[in-house]
Every structure is written in C-alpha cells, then in structure tokens.
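As a plain string of letters, each chain reads:
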Amino acid sequence: KIYTFGAEDAPVLLLLPGTCCHWKSNFGAVIPLLADSFRVLCVSYDGFDETEQTEFPTMLEETKKIEAYLKNHCGGHIRAAYGCSLGGSFVGLLAARQNIHMDYGILGSSDLDQASPLAASLQTNLLLPLIYPVVRDGKFLQKQLEKHAKESGDYVKAFLKMFGKARPYVTMQSCKNQFYSDLITPLPDNIHVPGTQIHIFYALKMGKKYRARYQQHFVHPVLHEQNLQHEELLACHPEQWAHLVKSIAL
C-alpha cells in the first residue's frame, strides 16, 4: 500500500520503511517537513499495514509491486527514494534492476547484510523471538530499555518510537519472511546506473566495515558521514534529516 502526501505535480520522493516498522511511526515526523517540496509516497509493506490482511512475501516480490506502482502512477520515473535501514536494500534493488528510474537513491545507514540460506535461517530463528514480541505488543523489556537508555541517551527511546506501537495484526511469519528474505536476496556489486546518484547516510558508530560494503555495492556512492548510530539522524533529528534530504534531491 502507498500513502501519498503533497502536491501531485511536485517531484516524487519515495519513502521505504525499515525492518518490521510501521510506515507512520517510521516517517510520520518527517513527512510534513517534506510534503511542502515533494509528492511524498510512503510505502506500507505487505503484512505491516493495519488496513490489510496480508503477509510479507519476499524482498523481490515486494520490489516488483513497488515497481509496478511507480510505472502506473509516476511513469516509471521518480526524483528520489529514501530507504530506512532495510528500506535501503529496496533502494539498491530498484537501482540494480533498472525497471524504474530514480535520479537519487538514498540509503539510511543500511547494513546491507547478506548471508547463505543456512546462516540466514539461524540468524532469523535467533532474533525473531526477540523482535516479534516488540512488534506484537509494542513493548521492550523495561530493564533492557533502562540499560540501553543510560548508554545511548534518548536514542533507544526515539528508535523504538519510530519502530511503532503494538501491532497485533502483524504475524510472526511476516516478520520472519522480511528478515530472512532480506538476508538471502543478493544485492549486486558495482551498481552503476547512468543518471542515478547514490547517497548514503553513513552512521560512523556502526563501524568501519560499512564504508567498504557501500563502496563494494555501488560505484562512487556519496557518503554523508555522521558521528551517530544507526538511523539516529532520522529518529532524533528529523529537521536536520529533512534538510539533508532536500539538499540532495531538490
């Protein structure tokens, strides 16, 4: 499902949520900051929208649906796409497949982790019991929250707010499919599309290995280095985030 904001004749900006996130929680704070300049299209993935009874299929199936929408409603050409975390994998896939064209692709400190089916299955089965209760109940263990809050200030609380409130309509299978599919769906190396610039909000506190990973997958990506944690700019500094997006895509 696609939620739209802003003038119909404005440049199109596609927003792609992160892992198991609700679209409104993920981008609700920044949509008003963008809608004065863009026609904002916010994706709500299958399985994560309260108005539907669906389950998330695979990254490629969801990518094909997004491409079909953009062809039908935008002529297959948009100004920019921003992918939060897992959403950055969609930006990479949209660029690599070249079924639609975007002038700017922006990845929000995405990890772009990939794994073999066996390793991905092990990771999914390990993390799902931790992730799914948060999605279903909208709660994080209070002791863990207090511990992380002391270490990271307001970041953890802001990130969990962006994650979303209780969503009992989301099935464990949707979470599993999304997490597992993201790990096993290959993103090509050396992606280069004439007329498309790739920008990456590089959260330095994630670690040095991600610089090499971004440069592996994309030819000459523009790295916006931030001495922050994963998607901290979006979660904690929405005005600064929106200003940076506009400076790239306008």
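Check the entry above for the structure.
Residues numbered from 1 in each chain as written. Predicted model: local features only at pLDDT ≥ 70, side-chain atom pairs only at ≥ 80, totals over all residues. Heavy atoms only, no water.

S.K.: Kindly report on the overall build of the chain, identifying the contributing residues and their values.
M.R.: Counting its regular elements, the chain contains 11 helices and seven strands. Relative to the globule expectation of 18 Å for 250 residues, the C-alpha radius of gyration of the chain, 17 Å, shows essentially globular dimensions. Counting only C-alpha atoms, the chain reaches 45 × 35 × 35 Å along its principal axes. Buried residues in the chain amount to 51% of all 250 residues. Counted over contacts in the chain with a minimum sequence separation of 6, partners at least 24 positions apart contribute 79%. In the form shown here, the chain has an accessible surface area of approximately 11,800 Å², with 53% of it arising from carbon and sulfur atoms. Averaging the positions of the 24 positive and the 24 negative side-chain charges in the chain gives two centres separated by 5 Å. (Helix = DSSP H or I, 4+ residues; strand = E, 2+ residues; numbered from the N terminus. Rg over C-alpha atoms; globule rule 2.2 N^0.38 Å. Buried < 20%, exposed > 50% of the residue type's maximum accessible area, 1.4 Å probe, protein only. Contact = heavy atoms within 4.5 Å. Areas by Shrake-Rupley, 256 points an atom, 1.4 Å probe, with all protein chains shown as cover. Lys, Arg positive; Asp, Glu negative; His and termini not counted. Charge placed at Lys NZ, Arg CZ, Asp CG, Glu CD.)

S.K.: How would you sum up the environment of His-101? Please name residues and give values.
M.R.: Within the element layout of this structure, His-101 appears in strand S5 (residues 101-108). Separated by 92 residues in the primary sequence, His-101 and Val-193 place their C-alpha atoms 8.8 Å from one another. Not counting residues up to four positions away in its chain, the partners in contact with His-101 are Gly-76, His-77, Ile-78, Val-193, Pro-194, Gly-195 and Thr-196. A polar contact of 3.3 Å, which involves the side chain of His-101, links it to the backbone oxygen of Gly-195. (Polar contact = N/O pair within 3.5 Å; in protein donor to acceptor, adjacent residues only side chain to side chain.)

S.K.: Go over the sheet that holds strand S4 (residues 77-84) with me, naming the residues and quoting the values.
M.R.: The strand order across the open sheet formed by seven strands is S1-S3-S2-S4-S5-S6-S7, and the pairing between neighbours is mixed. Both edges of this open sheet fall to strand S1 (2-5) and strand S7 (222-226), since each of them pairs with a single strand only. Taking each pair of neighbouring strands and ignoring which way they run, the sheet shows an average axis angle of 20°. When S5 meets strand S6 (residues 197-203), the two strands line up parallel, connected through five bridges. In the sheet register, Tyr-104 faces S6, and the bridge partner there is Gln-197. (Pairing = 2+ DSSP bridges. Axes fitted to C-alpha atoms, helices over the stretch in contact; angles between N-to-C directions.)

S.K.: Give me the pairing of S5: which residues, what numbers.
M.R.: Of all eight residues that make up S5, seven are buried, and the element is covered over most of its length. Relative to S5, S4 is paired through seven bridges, and the arrangement is parallel. By the bridge assignment for S5, Gly-83 is matched with Leu-107. In this region the chain leaves S4, passes through helix H4 (residues 86-97) and returns to the parallel neighbour S5; the handedness of that crossover is right-handed. (Right-handed = clockwise from strand over helix to strand, strands pointing away.)

S.K.: Describe helix H7 (residues 155-163), listing the residues and the values that go with them.
M.R.: Regarding H7, the residues found buried are Tyr-155, Val-156, Ala-158, Met-162 and Phe-163. Considered in projection along H7, the buried side chains sweep an arc of 165° and stay on one side of the axis. Once H7 ends, the next one or two residues include Gly-164, with phi positive near 125°. (Arc of directions from axis to C-beta.)

S.K.: A description of the packing of helix H3 (residues 59-74) against H4 should follow, citing residues and the corresponding values.
M.R.: Orientation of H3 relative to H4, taken along the N-to-C sense of each, is 65°, at an axis distance of 10 Å. When the interaxial angle is binned, H3 and H4 end up roughly perpendicular. Like other packed secondary-structure pairs, H3 and H4 cross with a definite hand, here right-handed. Contact with H3, carried on its side by Met-59, Leu-60, Glu-62, Thr-63, Lys-64, Ile-66 and Glu-67, involves Leu-86, Ser-89, Phe-90, Leu-93, Leu-94 and Arg-97 of H4 and no other residues of that element. For the contact of H3 with H4, the per-class residue count stands at seven nonpolar, two polar and four charged. (Parallel < 35°, antiparallel > 145°, perpendicular 65-115°, else oblique. Left-handed = near helix turned anticlockwise from the far one by under 90°. Nonpolar A, V, L, I, M, F, W, Y, C, P; charged D, E, K, R; others polar.)

S.K.: Tell me about the nonpolar core, and name the residues and values.
M.R.: The tendency in soluble globular proteins is for nonpolar side chains to be buried side by side. Within the largest apolar cluster, 44 residues are counted, with the highest numbers of intra-cluster contacts made by Leu-14, Leu-16 and Leu-70. When residues of this core are assigned to their parent elements, the largest contribution, six residues, is made by H4. Sequence-distant contacts of Leu-16, defined by excluding residues within four places in its chain, comprise Phe-27, Val-43, Tyr-45, Ile-66, Ala-81, Tyr-82, Gly-83, Cys-84, Gly-87, Phe-90 and Val-91. Core analysis: the second largest hydrophobic core is formed by 29 residues, Phe-38, Val-40, Cys-84 and Val-245 among them. (Core = buried A, V, L, I, M, F, W, Y, C linked by side-chain atoms within 4.5 Å.)

This is a description of form; function is not addressed.
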